[in-house]
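Reading the structure
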Amino acid sequence: MIRYFLGIETSCDETGIGIFDAEQKLMLSNALFSQVKLHEEFGGVMPEISSRSHLEKIGIVLQQALDEANITLSDIGGIGVTNRPGLFGSLLVGICFAKGLSYSNNIPIMGINHNQGHIVAALLNQENQLRNDQNYPFLCLSVSGGHTSIFLVNSPTNFELLGETLDDAAGEAFDKVAKLLNLGYPGGPIIEKLAKTVENKDFFKYPRNKDRSSLNFSFSGIKTAVLYDLVKKGIYSKDFILQTQNLTPQIQGEVASSFQWAVTEILLNKINIAIKKFPNIKSIVLVGGVACNKFITEKLNLFCLQSGITFQSPPIKFCTDNGAMIALSTYFEYLSGKNFQSLEELDLIKI
Ligand code: KG4
Ligand code: ZN
């Protein structure tokens, strides 16, 4: 029986390494280097910068994870590494690093689906302990800058993708609308804060997707609606040049708040469709960076209360991309009987 599982995450802009102790059912470490500052000036993740930064930081993050867990590499019994989906260059850094660790220390290794990581992270509590009171099946809404997907989760290793975004991810839409409003990056927290200054009202009622059956998402429409509204308000010229003199904090707040409402209602609409399709689900779990948004979590929580379903969201440290969720996925895959892979078998999967 393996005791310590090491998980490596480099699929986007976070270099994360976590170590899970299967004996104590405890996440011993969750070391992380966030690249947010590096991508700030571009208003979004720059893939080349991301992979280079992973390469620079991954060794340091590993040492932090081992120090935090107070163990050495020779204690690690299994390694898991995100090998899908994600930015190819960034994934490759993690995979090559993991293979090197595996080869030089003779530790078995397997590739892990990043989405599974987000799903199982919901089983960890604030004290880094694995909870054992989770009811299945549940719906997991994974909403970040890179993905917006809805899963039906039957167990930690058995989950089904019900729908995903056909264009932008919800967090990406927050980032792009923030950019349109001449705000900083990442846009989500700034928009949330601004919306509060105008009491979170829905001023402009941007169009929501009225679809009543599909579980796929689309966010590029609201982003375009915001842009055309800003043109109408004279904040952009007809050829889309920003007219900063017309952009007041009040209008920034009103657009931010209306946009936040539209995203929230799109998410609520999909949850509503999903619970009608799967009436046996026990809870809705929200994960990903957008789960940091209190306005959204409050609205989802209220909706779930009214529908007689539990609403859950893991602690923020496990909500955004991290290595702990990959370590935990590796543990669950191992428990379910999945075999480790040879170095030749383990590869980047392009999905
Ligand atoms: O999960 P995450 O840290 O990284 C990935 O994208 O994989 O999510 C980052 C995304 C960004 O797009 C950011 O704008 C969004 O999550 N985000 C938020 C909030 N905090 C972060 N969106 C809305 N409201 C927030 N408070
Ligand atoms: Zn993610």
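Residues numbered from 1 in each chain as written. Chains lettered and ligands numbered in written order. Predicted model: local features only at pLDDT ≥ 70, side-chain atom pairs only at ≥ 80, totals over all residues. Heavy atoms only, no water.

A word on the coordination of the zinc ion (ligand 2). Coordination of the zinc ion (ligand 2) by the protein involves His114 (NE2), His118 (NE2), His147 (NE2) and Asp321 (OD), with metal-donor separations of 2.1 to 2.3 Å. Donor residues for the zinc ion (ligand 2) sit on one chain with the sequence pattern H-x3-H-x28-H-x173-D. One end of the pair, histidine 114, and the other, histidine 118, are both in helix H4 (residues 114-121), four residues apart, so they sit about a helical turn from each other. Taken individually, histidine 114 and histidine 118 each receive the classification buried, so the pair is uniform in this respect. (Donors = N, O, S within 2.8 Å, 3.2 Å for Na, K, Ca; no water. Helix = DSSP H or I, 4+ residues; strand = E, 2+ residues; numbered from the N terminus. Buried < 20%, exposed > 50% of the residue type's maximum accessible area, 1.4 Å probe, protein only.)

So, about the pattern of salt bridges. Taken as a whole, this structure holds 11 salt bridges when the rule is applied. Ionic pairing is found between lysine 176 and aspartate 168, a salt bridge with its closest N-O pair at 3.2 Å. The closest approach of N and O atoms between aspartate 168 and lysine 223, which form a salt bridge, is 2.9 Å. Here lysine 223 lies in helix H7 (residues 220-232) and aspartate 168 lies in the loop between strand S8 (158-164) and helix H5 (170-180), a separation of 55 residues in the sequence. The two residues aspartate 168 and lysine 223 agree in class, both being buried. Residues participating in the shared-partner salt-bridge network are Asp168, Glu172, Lys176 and Lys223. (Salt bridge = Lys/Arg side-chain N within 4 Å of Asp/Glu carboxyl O.)

In this structure, Leu139, Leu141, Phe219, Phe259, Val263, Ile284 and Ile296 are the most contacted members of the largest nonpolar core, which totals 55 residues. Going through the elements one at a time, strand S6 (138-143), strand S7 (148-155), H5, helix H6 (187-197), H7, helix H8 (249-277), strand S9 (283-287) and helix H9 (294-307) are the ones with two or more residues in this core. A per-element tally of this core places H8 first, with 14 residues. Contact partners of isoleucine 284, with chain neighbours within four places excluded, come to Leu139, Ile271, Ile275, Cys304, Ile309, Thr310, Phe311 and Gln312. Ile8, Ile17, Ala65 and Leu346 belong to the second largest nonpolar core, which has 27 residues in total. (Core = buried A, V, L, I, M, F, W, Y, C linked by side-chain atoms within 4.5 Å. Contact = heavy atoms within 4.5 Å.)

On to the pairing of strand S2 (residues 14-21). Most of S2 sits out of view: eight of its eight residues are buried. Counted along the chain from strand S1 (residues 4-9) to the antiparallel partner S2, the turn is four residues long. In terms of strand pairing, S2 meets strand S3 (residues 26-34) through eight bridges, oriented antiparallel. By the bridge assignment, glycine 18 is partnered in S3 with asparagine 30. In this antiparallel pair of consecutive strands, S2 and S3, the connection spans four residues, and lysine 25 shows a positive phi of 55 degrees. (Pairing = 2+ DSSP bridges.)

What follows deals with the site of ligand 1. Taken together, 20 residues surround ligand 1, and among them Gly145, Asp175, Glu192, Gly289 and Asp321 come closest. Aspartate 321 is positioned such that a nitrogen or oxygen atom in its side chain is 3.0 Å from an oxygen atom of ligand 1. Isolated, ligand 1 exposes 550 Å² of accessible area, and the fraction of that covered by the protein chains is 90%. Those elements that provide at least two residues to the shell around ligand 1 are H5 and H6. Looking at side-chain class alone, the shell around ligand 1 contains five nonpolar, 10 polar and five charged residues. (Near = heavy atom within 4 Å. Polar contact = N/O pair within 3.5 Å; in protein donor to acceptor, adjacent residues only side chain to side chain. Areas by Shrake-Rupley, 256 points an atom, 1.4 Å probe, with all protein chains shown as cover. Nonpolar A, V, L, I, M, F, W, Y, C, P; charged D, E, K, R; others polar.)

Our next topic: the packing of H5 against H8. The description of two helices packed together rests on the angle between their axes and the distance between the axes. Packing of H5 against H8 leaves a shortest axis separation of 11 Å and a crossing angle of 170 degrees. One element, H5, and the other, H8, form an angle in the roughly antiparallel class. Where H5 approaches H8, its residues Ala170, Ala173, Phe174 and Val177 are matched on the opposing element by Phe259, Gln260 and Val263. When the residues that make up the contact of H5 with H8 are grouped by side-chain class, the tally is six nonpolar, one polar and no charged. (Axes fitted to C-alpha atoms, helices over the stretch in contact; angles between N-to-C directions. Parallel < 35°, antiparallel > 145°, perpendicular 65-115°, else oblique.)

Going through the model one piece at a time under the given rule, you end up with zero disulfides. Left unpaired, cysteine 292 is separated from the closest cysteine sulfur, that of cysteine 319, by 6.1 Å. (Disulfide = S-S within 2.5 Å.)

So, about the sheet that holds S9. Pairing is mixed in the open sheet, where five strands are placed in the order S8-S7-S6-S9-S10. With one partner strand each, in any of the chains shown, S8 and strand S10 (310-312) form the two edges of the open sheet. Neighbour-to-neighbour, the strand axes of the sheet open up by a mean angle of 20 degrees, direction not taken into account. Sheet topology places S7 next to S8; six bridges connect them, and they run antiparallel.

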